[in-house]
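# Commentary on secondary and tertiary structure
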Amino acid sequence: MTYVVTDACIRCKYMDCVEVCPVDCFYEGENMLAINPNECIDCGVCEPECPAEAILPDTESGQEKWLELNATFSAQWPNVTRKNNQTPEDADEHKGEEGKYEKYFSPEPGQGD
């Protein structure tokens with residue numbers, strides 16, 4: 001098992017999860033984060049830290065798409081190990097919004113550390 005970041009993170013990217021991850025398995029895209037499934041130790045400390053509720057175990061139904069996306073983009077994006085000032089100013093406006101992947105997803109990397 002591993003945890004995955006879902007589209008609920010898109011345009012929110014609060015990054016509270018990054019601060020608590022003991023193995024630094026988060027990678028930063030332009031408008032969302034990804035977890036490297038090969039580095040995640042399944043500890044679960046990140047899940048309750050996410051204000052957008054964007055982190056789920058890959059064992060939940062329907063997470064296959066997110067597992068693939070996390071694996072793909074964690075290999076391309078820079079590692080991020082601490083919360084930075086990259087949370088969008090309008091993050092709270094997008095929290096809970098449906099269909100964010102189709103509307104806003106960007107494959108571009110973020111800044112990382």
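What comes next is a walk through the structure. (Residues numbered from 1 in each chain as written. Predicted model: local features only at pLDDT ≥ 70, side-chain atom pairs only at ≥ 80, totals over all residues. Heavy atoms only, no water.)

### Some remarks on the overall build of the chain
Looking only at helices and strands, the chain features 4 helices and 4 strands. Traced from its N-terminal end to its C-terminal end, the chain shows the element sequence β-α-β-β-β-α-α-α. Computed over the C-alpha atoms, the radius of gyration of the chain is 12 Å, within 12% of the 13 Å expected from 2.2 N^0.38 for a compact globule of 113 residues. The principal-axis extent of the C-alpha atoms belonging to the chain is close to 30 × 30 × 25 Å. For the chain, with 113 residues in total, the buried portion stands at 47%. For the chain, contacts bridging at least 24 residues in sequence account for 77% of all contacts bridging at least 6. Each charge class in the chain was averaged separately, 8 positive and 24 negative side chains, and the resulting centres sit 6 Å apart. (Helix = DSSP H or I, 4+ residues; strand = E, 2+ residues; numbered from the N terminus. Rg over C-alpha atoms; globule rule 2.2 N^0.38 Å. Buried < 20%, exposed > 50% of the residue type's maximum accessible area, 1.4 Å probe, protein only. Contact = heavy atoms within 4.5 Å. Lys, Arg positive; Asp, Glu negative; His and termini not counted. Charge placed at Lys NZ, Arg CZ, Asp CG, Glu CD.)

### Describing helix α2 (residues 64–74)
Regarding α2, the residues found buried are W66, L69, N70, F73 and S74. Buried residues of α2 fall within an arc of 110° about the axis and therefore sit on the same side. The outward face of α2, more than 90 degrees from its buried face, is lined by the exposed residues E64 and E68. On its buried side, α2 packs onto β1 (3–5), β2 (26–28), β3 (33–35) and α4 (100–104). (Arc of directions from axis to C-beta.)

### Digging into the pattern of salt bridges
Using the criterion set out here, one finds 6 salt bridges in the structure. Of the charged contacts, one joins K13 and E28 as a salt bridge, the two residues approaching to 2.8 Å between their closest N and O atoms. Placement of the pair is K13 in the loop between β1 and α1 (16–20) and E28 in strand β2, with a sequence separation of 15 residues. Judged by its relative accessible area of 2%, K13 falls in the buried class. Across the salt bridge formed by D16 and K83, the nearest N and O atoms sit 3.3 Å from each other. Residue D16 is located in helix α1, and its partner K83 is located in the loop between α2 and α3 (91–94); the two are separated by 67 residues in the primary sequence. (Salt bridge = Lys/Arg side-chain N within 4 Å of Asp/Glu carboxyl O.)

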